[in-house]
Amino acid sequence: IGCSTRRKGGEPMTLDMATSAYAFFGLLEAKTSGKPLPPNVAQDKDGNMTTDANAALDGGAIMTFDCGYKSSNLSLCIELLAGPLVGAAYNDKKAAKNWGNLVFAIDPKILGNDDFLEQSAFVMERVKNAERKEGVSSINLPGERGDALAAENKKKGTIGVEPNLWKGLQEYAAKYDPKAEVFPIEWA
């Protein structure tokens, strides 16, 4: 699910989230790194909970974010909107390589709300300024953590790459261009 909402006097709030307990690409990353999945995010093909990414990818399933009926229902609705409704794959997405997208935009003024930007800014500030539990230094709106990480990476001029992924990329480059420059990598 992606949703971006503008506000007066600030950057838009942008939500990008899976309805699953763990993103599919997180499974691929865990498989590549050989690291276990967090508990209770995936099942194997027999319906048993697993922390093995390979077992989840081999006929298993990723759980929905609350492992319950509400997130399952939301997932089904999103699946129907971004799959059959737009003519995308609905049976075998891996073979079709067509996961589907549905994009729509809403102009608040068409709905009769000329004050939406001010109202959305008010709501977002109220959330950010809500009372915090002890030890919580700030409340992030959706997208703020990622925006801060992107700004930090841009400032440093680097991004972190998992070692097994980096090795695979180097091997792939060498396979297609034996003269490709292989960059050494140092890990802190």
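Model, not experiment: these values are computed from the prediction.

With 14 residues, helix 3 (residues 69-82) ought to run about 20 Å at 1.5 Å a step, and its terminal C-alpha atoms sit 20 Å apart, in line with that. The complete set of buried residues in helix 3 reads Ser-71, Ser-75 and Ala-82. Around the axis of helix 3, the buried residues are gathered within 45° of arc, so they sit on the same side. Within helix 3, the exposed residues directed more than 90 degrees away from the buried face are Tyr-69 and Lys-70.

A few words on the nonpolar core. Counting 8 residues, the largest nonpolar core is built from Leu-27, Ala-30, Leu-37, Val-41, Ala-42, Ala-53, Ala-56 and Leu-57. Considering every element that reaches this core, the biggest residue donor is helix 2 (residues 53-57), with 3 residues. Excluding its chain neighbours within four sequence positions, the residues that come into contact with Val-41 are Ala-21, Tyr-22, Met-49, Ala-61, Ile-62 and Met-63.

Once that is clear, we can look at a nonpolar patch on the surface. The grouping of Leu-81, Leu-85, Val-86, Leu-102, Phe-104, Ile-106, Ile-110 and Leu-111 at the surface amounts to a nonpolar patch, some 870 Å² of accessible area in total. Tracing the chain through its elements places Ile-110 in the loop between helix 4 (93-96) and helix 5 (116-128). Overall, Ile-110 belongs to the exposed group, its relative accessible area being 71%.

So, about the pattern of salt bridges. Applying the stated rule across the entire model yields 5 salt bridges. In this structure, the salt-bridge partner of Glu-125 is Arg-7, at a minimum N-O distance of 3.9 Å. Of this pair, Glu-125 sits in helix 5 while Arg-7 sits in strand 1 (residues 2-7), and the two are 118 residues apart along the sequence. Here Glu-125 falls in the partly exposed class, since its relative accessible area comes to 38%. Residue classification places Arg-7 among the buried positions, given a relative accessible area of 15%.

This part is about the pairing of strand 2 (residues 10-16). Summarising the sheet, strand 1 and strand 2 pair through 5 bridges and their orientation is antiparallel. Within the sheet, the bridge partner assigned to Thr-5 lies in strand 2 and is Met-13. Connecting strand 1 to the antiparallel partner strand 2 that follows it, the hairpin turn spans 2 residues, and Gly-9 within it adopts a positive phi of roughly 75°.

So, on to unusual backbone geometry. Even without being a glycine, Asn-40 presents a positive backbone phi close to 65°. Tracing the backbone shows Asn-40 in the loop between helix 1 (24-33) and strand 3 (42-43). A positive phi angle, near 55°, is found at Cys-67, a position not held by glycine. Looking at the secondary structure, you find Cys-67 in the loop between strand 4 (61-62) and helix 3.

Rules behind the numbers
- Residues numbered from 1 in each chain as written.
- Predicted model: local features only at pLDDT ≥ 70, side-chain atom pairs only at ≥ 80, totals over all residues.
- Heavy atoms only, no water.
- Helix = DSSP H or I, 4+ residues; strand = E, 2+ residues; numbered from the N terminus.
- Expected span 1.5 Å × (residues − 1).
- Buried < 20%, exposed > 50% of the residue type's maximum accessible area, 1.4 Å probe, protein only.
- Arc of directions from axis to C-beta.
- Core = buried A, V, L, I, M, F, W, Y, C linked by side-chain atoms within 4.5 Å.
- Contact = heavy atoms within 4.5 Å.
- Patch = residues over 30% accessible without salt bridge, like charges linked within 9 Å, V, L, I, M, F, W, Y side chains within 5 Å.
- Areas by Shrake-Rupley, 256 points an atom, 1.4 Å probe, with all protein chains shown as cover.
- Salt bridge = Lys/Arg side-chain N within 4 Å of Asp/Glu carboxyl O.
- Pairing = 2+ DSSP bridges.

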